[in-house]
Amino acid sequence: MSALIQNILIKVGQKKDRLLDILLSVQEAESFVSDENIKIIAGSLQLSEIDVRQCMSFYHFFSTKPSRHRIFLNDSVMANLMGGQKVKEAFEKVLNCKQGEINADGIGFYTTACIGMSDQEPAAMIDGVIFPSLTPERVRFVVEGINQGKSLSDLYYLPLGDGRNGGAALNTMVNSNIRKTGLLLDDYYKSGSALTIAIEKSELEVIGIVKTSGLRGRGGAGFPTGMKWEFCRSSEGAEKYIICNADEGEPGTFKDRVILTEKIEMLLEGMTIAAYAIGAREGIIYLRHEYQYMRQHIENALAVARTKKMLGNNILGKDGFDFDIRIQFGAGAYVCGEESSLIESMEGKRGEPRFKPPFPVQKGYHNKPTSVNNVETFCKVCRIIERGGEWYRRYGTKQSVGTKLLSISGDCPRPGVYEIEWGMTLYQMLEMVGATNTQAIQVGGPSGSLIGKTGFDRKICYSDISTGGSMMIFDQSRDLIKDVVLNFLEFFIDESCGSCLSCRACTQQIRNKLEKMIHGKGVSTDIEDLKKWAKFTLVSRCGLGQSAANPISTSIANFPHLYQAMVQKEKDYDTCFDLASAVADSCKVVNRVPNF
Amino acid sequence: MERVKFQIDNKDCEALYGQMLVDAARDNGVYIPTLCNMQDVKPCGSCRVCTVKVNGRYATACTTPVACGMEIESDTEEIHEIRKALIELIFAEGNHYCPTCEMSGNCELQALGYRFGMMVSRFPYQFPQREINTDCQHLIIDYNRCIRCKRCIRTIKDKKGKSYFAFINRGDKLEVTMDKEMAKTMPLKVAELAMENCPVGAILLKETAYRVPIGERRFDKKCIGSEIEETDVKVFMGELNNE
Ligand SMILES: Cc1cc2nc3c(=O)[nH]c(=O)nc-3n(C[C@H](O)[C@H](O)[C@H](O)COP(=O)(O)O)c2cc1C
Ligand code: SF4
Ligand code: SF4
Ligand code: FES
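Residues numbered from 1 in each chain as written. Chains lettered and ligands numbered in written order. Predicted model: local features only at pLDDT ≥ 70, side-chain atom pairs only at ≥ 80, totals over all residues. Heavy atoms only, no water.

The next subject is the overall build of chain B. Helices and strands together make up the secondary structure of chain B, namely seven helices and ten strands. Since a compact globule built from 243 residues should have a radius of gyration of about 18 Å, the 19 Å found for chain B is in line with a globular shape. Overall size of chain B, expressed as C-alpha extent along the three principal axes, is 50 × 50 × 35 Å. Expressed as a percentage of its 243 residues, the buried residues of chain B come to 56%. The contacts in chain B between residues at least 6 apart in sequence include a share of 62% that link residues at least 24 apart. Element-wise, carbon and sulfur atoms account for 50% of the exposed surface of chain B, whose accessible area totals about 11900 Å². In chain B, 34 side chains carry a positive charge and 36 a negative one; their mean positions are 6 Å apart. (Helix = DSSP H or I, 4+ residues; strand = E, 2+ residues; numbered from the N terminus. Rg over C-alpha atoms; globule rule 2.2 N^0.38 Å. Buried < 20%, exposed > 50% of the residue type's maximum accessible area, 1.4 Å probe, protein only. Contact = heavy atoms within 4.5 Å. Areas by Shrake-Rupley, 256 points an atom, 1.4 Å probe, with all protein chains shown as cover. Lys, Arg positive; Asp, Glu negative; His and termini not counted. Charge placed at Lys NZ, Arg CZ, Asp CG, Glu CD.)

See below:
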């Protein structure tokens, strides 16, 4: 066994459930995972080679080819809206290779789904370092610098980012862009105050306060947090786990990035309160690979919390209250944001969602009761414990209590994070960000809804138009079908775990039909077909498949004229076969010219 | 063991608590079509063909345990339409040329196609380019026909529990593949089991085709599911046979 692998196994643990970490460590050291190393890892974990490959090939960021540097350019809707295509061409030109290839100098160039920088696109990750607000000129500058052997931080073309981004631990050009603060983002909170209060109370009292507050999960599904903790607490099992879902994969959202950057102490404290409430000794932050630039920053915060006795044994002097937190990195898979596939991934497997029941609160990580909560949810808990459940209920509406962080991007002068009270209308939101001439808003990311003018008086809240926080604004100049809907479908096709036939195959059929329509071959029955086919995806196992056709169904419902415009008026039957191009093809083979 | 009462399409049923719905239904004489599922093997819920509505919400019967008072809709127009569409999706996704396939008549996918009265897929055929692999001394793996049901992955292991088969990639690039080294030494017995467990003609034994002649195969005379529940689909098959 090579020394490298040996060291990694010692550090990470020679266990199957740490396969993801082992592979990530190998890749970090050598830029790729070689066939040789796959063999060694398989051997030492008692796995077949194919077991290792099946895990590896699930995640976007693993490579089996060596490279000196790796560039991942975002090709999300937002990136392309902000000039991503030109940036991509610039990369291909200066690197002299196409996307997906490694150039002669050993620089690999790839595209990737939304990297959580929608407020500063187009952005790329180069060896894990974020390069936001790219232009073709900046691309040339950076690549030439790399070729001259300069270090990445010498190639920054912008000042360091605002807030803590400019600190030594983060040292990044990324901006937090906080535009509106509320009870989470404002500065009135004193670190430690909630945890001190919590440990004075009984575990059930803590859960009681969270229940009184009416707090619902901020990861999208909106499950009542107090109830989730109560289930987890009462599930049988001596060991329990708290997991913070920091996968933030929904295109267009970046508010968790900002919380992790600016309010990391609050997050750790919220997790610790949760651990106290449910009786967990171990907490894990599942952090998306794209946010690896925050590793040192988070590790520092963990170290500080330990010295302050807010983590570790006998926390804040409370006898027997032991709890600590570690970071688990993902490796590039949107579906791993789904709580059960997140757990599979943490166990070193492909991130395929589990069936429910049993739910994670019953059987989660290592089949032990586990509460998975979103970054924002944990932070809200701090304020609630500090000020009380009743206080929290004063914010928002009756059913949607409190505030919500929105990640707003697209055609508006002030993209960024806004903490609003639930109940704001979309009109008010557009006014707040200064958007004009708005054609549509994608609420809740690709898995949400595309809303047009007639829906702008709808309210942002659980009972009307609910959102995990992603808000993308498109003005009248945008082609919603080609630039938005089609991109979202591609996203789901790429990110599906592939298990469910309905998610894997039906989305492809829908995409193909839409492409056919875009190419001018639409017939009137296509629109009805799309509506019907969209329904078949609803029988998929997890939320990804169940919402994979939302881009189609919500855009047909709210923008029917765009679809009508793609239908050929004189034709009502479908022929996928294009006679003209088929004849042209066969003529080419025999060196003839078509005579029509 | 605790017994629970539930209903399938308004028929009163009884089963052991926690039994999966497909099994519970079978014990009560109700056939819920399945494709990826195998009796007594951990389910994986990939084909979605066993979709039912449980208390008004979609669920797969192979992965959902029965609970007291469940109301299940299975034989409804809505569910029938979904299942049929799913089967058509499979036919369109791969390359399934039944007349030239060794499994014709024994194939569960083909049998479901008949049962659901499918004449042609409503979805355009994708004609994907897929490989035929012969690395294994005993097997031909024809990926044109693989429906990614995961049966081989779940059931075919060596003595130490290592898998011969695995998924590779994800999403639209998801494929089944075999461990190269292990394939070379796969014992005949295991190879036979692999072929037996594959619901379609993707895993075939070398050098032994057509042991059971066409006309005498599993689904040649009886429709799939008829061992559990007779249906009027027989009539449909009968019509085909009489012509
Ligand atoms: C495909 C998919 C992706 C998801 N991605 C995330 C995510 O990135 N972050 C998150 O907090 N929740 C995500 N969720 C929701 C989680 O499954 C889970 O509901 C959430 O983490 C629970 O936390 P909460 O109760 O605090 O909302 C996702 C769900 C699905 C189906
Ligand atoms: S719905 Fe899609 S992503 Fe979810 S389990 Fe099924 S195939 Fe995987
Ligand atoms: S080879 Fe056969 S058993 Fe294996 S996944 Fe494909 S269809 Fe299923
Ligand atoms: S048989 Fe239940 S999902 Fe395939």
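Before going further, it helps to examine the site of ligand 3. Residue and element names in this part refer to chain B. Inspection of the region around ligand 3 gives 13 residues, with Cys-146, Ile-147, Cys-149, Cys-152 and Cys-198 positioned closest. Of all the cavities here, the one that holds ligand 3 is the second largest cavity. Among the residues forming the shell around ligand 3, the class breakdown is ten nonpolar, no polar and three charged. (Near = heavy atom within 4 Å. 1 Å grid on protein atoms, 1.4 Å probe; cavity = no way out; pocket = protein on both sides within 12 Å on 5 of 7 lines; lining within 4 Å. Sits in = over half its atoms within 2 Å of the grid points. Nonpolar A, V, L, I, M, F, W, Y, C, P; charged D, E, K, R; others polar.)

All names here are of chain A. Evaluation of the coordinates by the stated rule reveals five cavities of 30 Å³ or more. Of the pockets and cavities examined, the largest cavity occupies roughly 130 Å³. Around the largest cavity, the lining comprises 15 residues; the ones closest to its centre are Arg-288, Glu-290, Gly-332, Ala-333 and Tyr-334. Residues that form the lining of the largest cavity fall into these classes: six nonpolar, five polar and four charged. A domain-level breakdown of the lining of the largest cavity finds at least three residues from each of domain 2 (69-158) and domain 3 (180-392). Of the residues assigned to the lining of the second largest cavity, the class counts are twelve nonpolar, no polar and two charged. (Points joined across faces, edges and corners; volume = space filled by probe spheres on them. Domains from an automatic or database assignment.)

Turning next to the interface of chain A and chain B. One frequent convention defines the size of an interface as the accessible area lost when the parts assemble. Taken residue by residue, the interface counts 41 residues in chain A and 42 residues in chain B. Taken together, the two surfaces of chain A and chain B that pack against each other cover about 3400 Å², and 57% of this comes from carbon and sulfur. It is Leu501(A), Phe536(A) and Val539(A) in chain A that bury the most area against chain B; as a group they hold 19% of the surface buried on that side. Inspection of the region where chain A meets chain B yields four salt bridges. Here Glu352(A) and Lys150(B) are joined by a salt bridge, their closest N and O atoms 2.8 Å apart. Secondary structure elements with two or more residues in the side of chain A that touches chain B: α4 (49-56), α18 (480-495), α19 (501-521) and α20 (524-536) of chain A. Of the residues that constitute the side of chain A that touches chain B, the class distribution is 18 nonpolar, 14 polar and nine charged. (Buried area = accessible area lost by both parts, 1.4 Å probe. Salt bridge = Lys/Arg side-chain N within 4 Å of Asp/Glu carboxyl O.)

Residues and elements named next belong to chain B. Where burial is concerned, the two faces of strand β1 (residues 3-8) differ: the one with Val-4, Phe-6 and Ile-8 is buried and the one with Arg-3, Lys-5 and Gln-7 is not. Relative to strand β2 (residues 11-16), β1 runs antiparallel, the two sharing six bridges. Following the sheet pairing, Ile-8 is matched in β2 by Lys-11. Hairpin connection, β1 to β2: the antiparallel pair is bridged by two residues, and Asp-9 has positive phi, about 45°. Sheet analysis places β1 next to strand β5 (residues 71-73), joined by two bridges and oriented parallel. (Pairing = 2+ DSSP bridges.)

Residues Tyr97(B), Met119(B), Val120(B), Tyr125(B) and Phe127(B) make up a contiguous nonpolar surface patch of about 590 Å² in total accessible area. Among the secondary structure elements, Val120(B) is positioned in the loop between α3 (108-115) and β6 (132-133). (Patch = residues over 30% accessible without salt bridge, like charges linked within 9 Å, V, L, I, M, F, W, Y side chains within 5 Å.)

Ligand 2 sits among 13 residues. The nearest are Cys497(A), Cys500(A), Cys503(A), Cys542(A) and Gly545(A). In terms of residue class, the shell around ligand 2 is made up of seven nonpolar, five polar and one charged.

For the rest of this paragraph, the subject is the domain arrangement of chain A. According to the domain assignment, chain A consists of domain 1 (3-58), domain 2 (69-158), domain 3 (180-392), domain 4 (403-475) and domain 5 (480-564). Spacing between the C-alpha centres of domain 1 of chain A and domain 5 of chain A amounts to 37 Å.

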